[in-house]
Amino acid sequence: MNGLLKPGLMRGLSAIFSTLLILALSLTSVANANSSVINRQLGTTAYITKTKGSSVSDTTYFKSEFSSVEELANAKHALAAEIAAEGSVLLKNANSALPLNKDTETVTVWGLNSLVPTLGGLMGSPAFPSEAGGQKATGILDALGMKGVQFNGAFAGFYGENFDSVRKSSLFGAEIPGHSHTVSFDTIPEPASSYQIGELPASAYPADLLASADNTTALVLLTRDSSEAADFTTAMTSDPLGNTFETPLSLSAYEREIIDLAKQHSNGKVVVLINSVAVMEIEELKQDPDIDAILWVGLPGMYGFEGVADVLIGAQSPSGHLVDTYAVSSLSAPAMVNFGIHSYDNYSGAEGSPLTKGNLADYYLIESEGIYIGYKYYETRYEDSVLGRGKADAAEGSLDGSAWNYAKEVSYPFGYGMSYTSFSQELKEVKVDIGGESYAVVKVTNTGDVAGKDVVQLYVQSPYTEGGLEKAAIQLLSFGKTEVLKPGESAELTITFEPQYFASYDEKLVKEDGTTGAWVLDEGDYYFTVGNGAHEAVNNVLAKKLGGTDKLITINENETINADNAIAVTLKRDETTYSANVQNALQDADINRYIPGTVEYTTRSDWTKGWTPAAGVTATEEMLPTLQNHGHELTPNSDYEIVWGARNGLSLASMMEFDESGKLVGVTDFDDPKWDSLVQQITLPEAINFLENCTDEFDAIGSVGIGNVYTNDGPLGFVNDQVSGYAAKWDASNSDEPTYVGPNDPYAVWTLAEMPTEPVVASTFNPELVRREGELFGEDGLWTNISGLLGPGVNLHTAVYCGRAHEYYSEDAMLTNRMAAELADGTWSKGTWCVMKHFAMNDMEYNRTGLSTFFTEQAARENGLRAFEGAVKGDSLLGVMSAYNRVGTTFAGGHDGLMTQILRTEWGFRGWVETDYAAAGFDYMNWLDNIYAGGGGCLCTSANFSTSEHGSMGDARNQDSLNADTAFQHEMQEALKHFLYVFASSNAMNGISPDTTVERVATWWEKTIMGADVALGILTILSLTGLVLAARKEKN
Amino acid sequence: MKKTAGFYLSALSAVLALVCIFLYGSVLFTSAYVRPLLIADVVVSALVLALVGMNKTVPFGNVLPLVGAVLCMGAVALSIAPMVNTVVFAFMGMNPMSNAQGFLTFAGVGLSAWLLAVIASFAGIVKKAA
């Protein structure tokens, strides 16, 4: 032993052990900060709940309607197919090409993408089945086979041989099929040019293969992908395989070649399936007499093609309607004028810039279209062109540079859809009750010879004065859907609506109380109408107003114009009924407020305006503080008396209210001071830890008796990259729970994000189906031990180049409003909450982190915000996720006007709020601005903040100023109260009673790390001691 | 005094630490303590090595590589936390690798400096330290 005491050896060992100890301690710190992520991946839990006896007879407050997880999986499968069937939109059906006759027709499915169609999103909502769980998605070929359709197998073989070289890409390090967007979580300075359509040229098709398609029906699949963190860009004009396209949403050269081949090698029948939620340019298909039918199927999720196949063979008549306007050109909408990648002239890379890269403040988006999104532009300009108003016929904004002509601009209008049968609709009555609920009565009759469902779309036109408040000529107000009607059968639907949703927001109106901004109903005639889409609706109104149809244009053969289906209701001016607590809150989002004249907004008073892209923008002195992420400061104040760590003897379960038999009947009213007493029991460190670590695994708060609460990303169901199946959040200690799924269960690793994408769901126009989808999401919550779904996405398809259309329902606010509300209600009925995202104006994906988004307040309130309003103001409890972007120059979650004035004060929202994921370095999403503005919890870990300018809330440097700012602490407690209020009513309380306690335990990996640290510490001490002894020995 | 191989390895380690100070400028998300640690390493190394180079006696001079290793590793260890997300995202394909590249280069050079210092620790910088 003595021989080992050599100075050199001891120095070397000391260097090794001491430095490894430093590294280990650092990694320990990182691991602890990310413990929830690690626990999620390893399936470990750090908190356990213990109940000693219970005064409650049954603590399973939310029970499943299924006796096994298999039953639930089967129910989801069936519902997914049903939604996709009802969501398929028949756009063209010449010569009754559809339905197919499976007894006499053999089908050749054209397009390499048919082998692996795009089912969900690339990022955000992937629909990848779990191979380990034996799960299998249904592609178009599988679905046709299941339904007994004979198809040409030679093509599948050919595509299989070529698939790897054409269509595979990688994501998360794994090779995946069929996706091609360029995803970037970082900012990108130039438009991405890479987009791979994934088709082969005609020259690749061998003659014998083509011969095999002769005398078969051609089914051509056209596919575009969709993804979080990616957009389409105008720079995309070709792909690496030699395919070229005018725009990424136009037909590519190879697709045109395939269609030509299909025409040549078929029985003369060519059917095109649109496998895309991005609005493609399909006017040439519509006009082509050799294309017999077009069926939009969107991205139908894991089993949706089974429903699509049902429509193709006529087992079900199509009843879906478009959720977006299919314009002739993807670039013709005013929303595209300023969409794209724009950085401030004084961005962080410019010489002498006041901004730093760390500010994440370089990029901006100006939404110069104002309220005229989607059909609200095309149909409003159409009406003005008919009425000769606002220079609507001018060449500005027209596709070919000549006078603007609706027929040249739109292929299929919003809300349009065909059926295998025909229906008549009669608007019989409209009752409007300002301040109350109103309704319309519509009689629907199946006038064809096939059974089917029909959608009733109720539209309204508000009185417009030239030069006055901007108003769309037509807007969807409400909708309903019939049951299956047999030929000749009629049904009467009562469609309810709320007049607040056709009020206009007047930013300039000064109210009696001196505040500015109000919801206004102008005096005049309001025209209510029904129609197969927005164009038919506006035509009905015009026919009514003009007393004839001479000047009116129809663009599809089955469109009708019926003046009798427009009912005028005269209303008096009202500017108070819907304006309680309302005042301007988003004026700072108008770029012209900072730099007058920067942008010309689209206006129907002069349609020649708004077509010039905004010139370069230099961030002004006024814009800099918020761009530099200094929206709020901690300042000493004694505004509130703050108590932390009180011993009030309450627990979260004690806020639940039971009847005499021990059955749960509700929770303590939100305004009851008992909630404040409960929150005061929380210690400040607990509060900091909770609010700064709102990951998918909310930390337990022992002081109020609540263990880990789990939530997970959506919106098509819990996504498999984070949950990995039904067993993910269970451990053996839960095995007595009735919905427990163990690790050996066949469904343990089942992928849960199976449902069709949101546009497909919305295109059903069926509130009952969406509610049922929510109920099954709630069931997933019960069977996974998860309490919240981060979804639905409630942003709008503002610009068609936004790559995330699959996670948002529609271009229309009211369709989105209703769908989101129904989904939330269904989900909440099972004790699982939805988290509406992304609040708000998250309208572009590239550079979304810190993107300054400029718009008018009227536009936001009548479109983007109105989409959230239905669910947020509804009875179901839920969460809201703030958006990555800035509102004007202020982070959305840190924007007082958005988060407090609108969400809490005007809408009375009682649910909880959190940010989107704040990665390390995202200082603009800092806890200070977020919590102060009412933005609630931070979806991140403290570690992510620890190195940013503001640091972590728990950093020693922040403690004195935080302790001195009672107003900030009050906001912390308010945020916690909202979280707890939702938790107390949710399935998170299953298994918890007032007698439950929560204990922190060390997980196996924490013990392992601790052991390694201790071992290295001992070795370091020993080697340093040896070094000292060796030095002494040498000296002696 | 006879210089050992450790003298030259320590000098090389200090040079790499100096390079690291500049490389840290290209790292996306940073810790405030990294550069001071590296600067301390470079300054202490330069002083000790210069004195030894001039045949001056430096008390505990042979401990220099150990101190250098500790300072280098301290800097690298502290640089990890702010960049964890970025690096993980880059390897998952969710971020461009260029975001992580600066950090990975810095960490690679930093660990090289540490390794040289550790090797030098075994040898010391002079044959007979005072």
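Values in this document were obtained by computation on a predicted structure and should not be read as measured data.

Describing the overall build of chain B
If you tally the helices and strands in chain B, you get four helices and zero strands. When its helices and strands are written in sequence order, chain B yields α-α-α-α. By its C-alpha atoms, chain B is 55 × 20 × 15 Å across when sized along the principal axes. Every one of the 130 residues in chain B was classed for burial, and the buried ones make up 52%. Summarising the internal contacts of chain B: among those between residues at least 6 apart in sequence, 76% fall at separations of at least 24. Just so you have it, chain B exposes about 5600 Å², and 75% of that area is on carbon and sulfur atoms.

Remarks on helix α24 (residues 956-964) of chain A
Residues and elements named next belong to chain A. Every buried residue of α24 is listed here: Asn958, Gln959 and Leu962. Relative to the axis of α24, the buried residues are bounded by an arc of 115 degrees and lie together on one face. Of the exposed residues in α24, those oriented more than 90 degrees away from the buried face are Arg957 and Asp960.

Structural notes on the packing of helix α1 (residues 7-33) of chain A against helix α3 (residues 64-91) of chain B
Put simply, α1 of chain A and α3 of chain B touch, their axes get as near as 9 Å, and they point 15 degrees apart. Relative to α3 of chain B, the element α1 of chain A is oriented roughly parallel. Every pair of crossing elements has a handedness; the one defined by α1 of chain A and α3 of chain B is right-handed. Of the residues in α3 of chain B, those in contact with Arg11, Ser14, Ala15, Ser18, Thr19, Ile22, Leu23, Ser26, Leu27 and Val30 of chain A of α1 of chain A are Leu66, Ala69, Val70, Met73, Gly74, Ala77, Leu78, Ile80, Ala81 and Val84 of chain B. Classifying every residue of the contact of α1 of chain A with α3 of chain B gives 14 nonpolar, five polar and one charged.

Quick notes on the interface of chain B and chain A
Each partner contributes to the interface: chain B provides 30 residues, whereas chain A provides 30 residues. Taken together, the two surfaces of chain B and chain A that pack against each other cover about 2500 Å², and 71% of this comes from carbon and sulfur. Viewed at the interface, chain A and chain B are joined by zero salt bridges. Counting every contact that joins chain B to chain A gives four residue pairs in polar contact (both at pLDDT 80 or more). Looking at the side of chain B that touches chain A residue by residue, the classes come out as 22 nonpolar, eight polar and no charged.

Overview of the sheet that holds strand β7 (residues 217-223) of chain A
Residue and element names in this part refer to chain A. Strand order in the open sheet formed by six strands is β2-β9-β8-β7-β3-β4, with mixed pairing between adjacent strands. Among the strands making up the open sheet, the edge pair consists of β2 (89-93) and β4 (150-151). The sheet contact formed by strand β8 (residues 270-275) and strand β9 (residues 293-296) spans four bridges and is parallel. When the sheet's bridge partners are listed, Leu273 is paired in β9 with Leu295. Across the face of the sheet, helix α5 (residues 153-167) comes into contact with β3 (106-110), β4 and β7 while running at roughly 10 degrees to β3.

Remarks on the nonpolar core
Membership of the largest hydrophobic core comes to 248 residues, with the highest contact counts inside it found for Trp110, Tyr205 and Met972 of chain A. It is helix α25 (residues 966-984) of chain A that provides the largest number of residues to this core, a total of 11 residues. In contact with Tyr205 of chain A, not counting residues within four places along its chain, are Trp110, Gly111, Phe155, Phe158, Tyr159, Leu200, Leu210, Ile258 and Leu261 of chain A. Core analysis: the next-biggest nonpolar cluster, separate from the first, contains 36 residues, Leu16, Ala17, Phe29 and Val118 of chain B among them.

A word on a nonpolar patch on the surface
Together, Met1010, Val1014, Ile1018, Leu1019 and Leu1022 of chain A give the surface a local cluster of nonpolar side chains, amounting to about 460 Å² of exposed area. Note on placement: Leu1022 of chain A falls in helix α26 (residues 1004-1035).

Some thoughts on the pattern of salt bridges
All names here are of chain A. If you walk through the whole model with that rule in mind, you get 45 salt bridges over all chains. Linking Glu65 and Arg772 is a salt bridge whose minimum nitrogen-to-oxygen distance equals 2.9 Å. Of this pair, Glu65 sits in the loop between β1 (47-51) and α3 (69-87) while Arg772 sits in helix α18 (residues 767-784), and the two are 707 residues apart along the sequence. Owing to a relative accessible area of 24%, Arg772 belongs among the partly exposed residues under this scheme. Connected via shared salt-bridge partners are Glu228, Asp713, Arg804, Glu807, Lys837, Glu845 and Arg848.

Some details on unusual backbone geometry
Residues and elements named next belong to chain A. Here the bond from Lys837 into His838 is cis, since omega is 5 degrees, no more than 30 degrees from zero. Assignment of secondary structure puts His838 in strand β28 (residues 833-839). In the segment running from Phe839 into Ala840, the intervening peptide bond is cis, with an omega of 0 degrees. Secondary-structure assignment places Ala840 in the loop between β28 and β29 (852-854). A positive phi is found at Asn215, a non-glycine position, where the angle reads about 70 degrees.

Brief notes about the sheet that holds β29 of chain A
All names here are of chain A. One open sheet accounts for five strands, arranged β11-β12-β29-β31-β32; its pairing is mixed. Looking at which strands have only one partner, the edges of the open sheet turn out to be β11 (342-343) and β32 (890-891). Sheet topology note: the strand β31 (residues 886-887)/β32 ladder contains two bridges and is antiparallel. When the bridges of β32 are listed, Arg886 appears paired with Phe891.

Regarding the pairing of strand β12 (residues 363-366) of chain A
Residues and elements named next belong to chain A. Burial of the side chains of β12 extends over both faces: Tyr363 and Leu365 are buried on one face and Tyr364 and Ile366 on the other. Relative to β12, β11 is paired through two bridges, and the arrangement is antiparallel. Note on β12: the bridge partner recorded for Ser343 is Tyr363. In this sheet, β29 lies alongside β12 in parallel orientation, the contact comprising three bridges. Bridge pairing links Leu365 to Thr853 in β29.

So, the packing of aromatic side chains
Under the defined criterion, the tally for this structure stands at 51 aromatic pairs over all chains. Between the NZ or CZ atom of Lys977 of chain A and the centre of the ring of Phe670 of chain A, over which it lies, the distance is 4.7 Å.

A short note on the packing of helix α1 (residues 5-23) of chain B against helix α4 (residues 97-123) of chain B
Residues and elements named next belong to chain B. In contact at an axis separation of 8 Å, α1 and α4 are set at 160 degrees when each is read in the N-to-C sense. On the basis of their axis angle, the class for α1 and α4 is roughly antiparallel. Pair α1 / α4 crosses with left-handed handedness. Here α1 contributes Gly6, Leu9, Ser10, Leu12, Ser13, Leu16, Ala17, Val19, Cys20 and Leu23 to the contact with α4, which in turn contributes Thr105, Phe106, Val109, Gly110, Ser112, Ala113, Leu116, Ala117, Ile119, Ala120 and Ala123.

Examining helix α10 (residues 375-387) of chain A
All names here are of chain A. End to end, α10 covers 18 Å across 13 residues, agreeing with the expected 18 Å (1.5 Å per residue, within 8%). The buried count for α10 comes to 12 of 13 residues, which makes it a mostly enclosed element. The complete set of buried residues in α10 reads Tyr375, Lys376, Tyr377, Tyr378, Glu379, Thr380, Arg381, Tyr382, Glu383, Asp384, Ser385 and Val386. Backbone geometry just downstream of α10 places Gly388 in the positive-phi region, at approximately 70 degrees.

Analysis parameters
Residues numbered from 1 in each chain as written. Chains lettered and ligands numbered in written order. Predicted model: local features only at pLDDT ≥ 70, side-chain atom pairs only at ≥ 80, totals over all residues. Heavy atoms only, no water. Helix = DSSP H or I, 4+ residues; strand = E, 2+ residues; numbered from the N terminus. Buried < 20%, exposed > 50% of the residue type's maximum accessible area, 1.4 Å probe, protein only. Contact = heavy atoms within 4.5 Å. Areas by Shrake-Rupley, 256 points an atom, 1.4 Å probe, with all protein chains shown as cover. Arc of directions from axis to C-beta. Axes fitted to C-alpha atoms, helices over the stretch in contact; angles between N-to-C directions. Parallel < 35°, antiparallel > 145°, perpendicular 65-115°, else oblique. Left-handed = near helix turned anticlockwise from the far one by under 90°. Nonpolar A, V, L, I, M, F, W, Y, C, P; charged D, E, K, R; others polar. Buried area = accessible area lost by both parts, 1.4 Å probe. Salt bridge = Lys/Arg side-chain N within 4 Å of Asp/Glu carboxyl O. Polar contact = N/O pair within 3.5 Å; in protein donor to acceptor, adjacent residues only side chain to side chain. Pairing = 2+ DSSP bridges. Core = buried A, V, L, I, M, F, W, Y, C linked by side-chain atoms within 4.5 Å. Patch = residues over 30% accessible without salt bridge, like charges linked within 9 Å, V, L, I, M, F, W, Y side chains within 5 Å. Phe/Tyr/Trp six-rings, centres within 6.5 Å; stacked < 30°, edge-to-face > 60°. Lys NZ or Arg CZ within 6 Å of the ring centre and 35° of its normal. Expected span 1.5 Å × (residues − 1).

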